[in-house]
Amino acid sequence: QKEVEQNSGPLSVPEGAIASLNCTYSDRGSQSFFWYRQYSGKSPELIMFIYSNGDKEDGRFTAQLNKASQYVSLLIRDSQPSDSATYLCAFSNRDDKIIFGKGTRLHILP
Amino acid sequence: DAGVIQSPRHEVTEMGQEVTLRCKPISGHNSLFWYRQTMMRGLELLIYFNNNVPIDDSGMPEDRFSAKMPNASFSTLKIQPSEPRDSAVYFCASSLKRGGSNEQFFGPGTRLTVL
């Protein structure tokens, strides 16, 4: 069974601090990794994807991938109240299927 | 671009009734996915199509669920008969696989309540 494990939270972070979200996955054949953000009552939206080991930065967001440890993380710098949401970690193999974790609820404290 | 369109946005029905959810993917996308989301189970893939052909329906919970994609711009998910445990938010998503990217774009979802 392919699985994605995330801490459900809530993770509370003061405004302006770095929020660190973590995820592990079970399938060593995974090739693509995604972070989706989902606001309450809304649909998931992609914020980052990463294929290679190491870091990938996009604005205030940095995704980190370590395939040997089967670990992927998302760092949010200068956290804003608008970052408060549920963050879904996901992966896929060569096919089109994406397997999602249950998400981590992030709460940015003003 | 209008994005993925789903209808209805909300559906309340009684146990035993037939429910049909509809989805229009983004024009030009060649893959379509149906998901169900609940607090307990998270976001679960039910079925996905590639070029209108069902590829993997292993997530469809039982025979009461069926999905069709008669053409590239329309898909339906049907539940017959519906049961209270089917209450959830159902999302449709579409993607266009280009190179290594298979980003999925989600519709707004249909919130289904079965009484």
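Keep in mind the model is a prediction, meaning the values are calculated, not measured.

A. Representation of the overall build of chain B. Secondary structure summary: chain B contains zero helices and eleven strands in total. Reading the helices (α) and strands (β) of chain B from amino to carboxyl end gives β-β-β-β-β-β-β-β-β-β-β. Each of the three principal axes of chain B carries a C-alpha extent, and together these read 45 × 30 × 30 Å. In chain B, the proportion of contacts linking residues at least 24 apart, taken out of those at least 6 apart, comes to 54%.

B. Fine view of the pattern of salt bridges. Residue and element names in this part refer to chain B. Enumeration according to the criterion identifies twelve salt bridges over all chains in this entry. As a salt-bridge pair, Glu44 and Arg36 come within 3.4 Å of each other at their nearest N and O atoms. On the basis of relative accessibility, which here comes to 11%, the residue Arg36 falls in the buried class. A salt bridge links Arg64 to Glu62; the shortest N-O distance between them is 2.8 Å. In this structure Glu62 comes out as partly exposed when scored by relative accessible area, which is 26%.

C. View of the packing of aromatic side chains. Summed over the entire model, instances satisfying the criterion amount to twelve aromatic pairs over all chains. Judged by centre distance (6.0 Å) and plane angle (80°), the rings of Phe100 of chain A and Phe106 of chain B are edge-to-face. Linking Phe100 of chain A in strand β10 (residues 99–100) with Phe106 of chain B in strand β10 (residues 104–106), this pair reaches from one chain into another. Phe106 of chain B carries the same exposure label as Phe100 of chain A, and that label is buried. Aromatic side chains Phe33 of chain B and Tyr48 of chain B sit 5.2 Å apart centroid to centroid with 20° between the ring planes, which places their arrangement in the stacked category.

D. Representation of the sheet that holds strand β3 (residues 19–24) of chain B in the model. Residues and elements named next belong to chain B. The sheet built from four strands is open, its strands ordered β1-β3-β8-β7 with antiparallel pairing. Every interior strand has two partners, whereas the edge strands, β1 (5–7) and β7 (65–71), have only one. With direction set aside, neighbouring strand axes in the sheet form an average angle of 15°. Bridge count for β7 against strand β8 (residues 74–79) is five bridges, and the pairing is antiparallel. By the bridge assignment, Asn71 is partnered in β8 with Phe74.

The rules behind these values
- Within every chain, residues take consecutive numbers counted from 1 along the sequence as written.
- Labels follow written order: the first chain is A, the first ligand is 1, and so on.
- Side-chain atom pairs in this predicted model are given and counted only at pLDDT of 80 or more, local residue features only at pLDDT of at least 70, and totals for whole chains, interfaces and linings cover all residues.
- Water and hydrogen atoms were dropped before computing side-chain values, which therefore reflect all heavy atoms in the structure.
- Each helix is a run of H or I in the DSSP string that is no shorter than four residues. Each strand is a run of E no shorter than two, and both are numbered from the N terminus.
- We call two residues contacting when some pair of their heavy atoms lies within 4.5 Å.
- A carboxyl oxygen of Asp or Glu within 4 Å of a side-chain nitrogen of Lys or Arg is what we treat as a salt bridge.
- Think of it in three bands: with a 1.4 Å probe and only protein chains considered, a residue is buried below 20% of the maximum accessible area for its type, exposed above 50%, and partly exposed in between.
- Aromatic rings from Phe, Tyr and Trp, taking only the six-membered ring of Trp, are treated as a pair when their centres fall within 6.5 Å; an angle between ring planes under 30 degrees marks them as stacked, one over 60 as edge-to-face, and anything in between as tilted.
- Whether two strands pair comes down to DSSP finding at least two bridges between them.
- The axes are straight lines fitted to the C-alpha atoms, using for helices just the contacting stretch, and the angles between their N-to-C directions are given from 0 to 180°.

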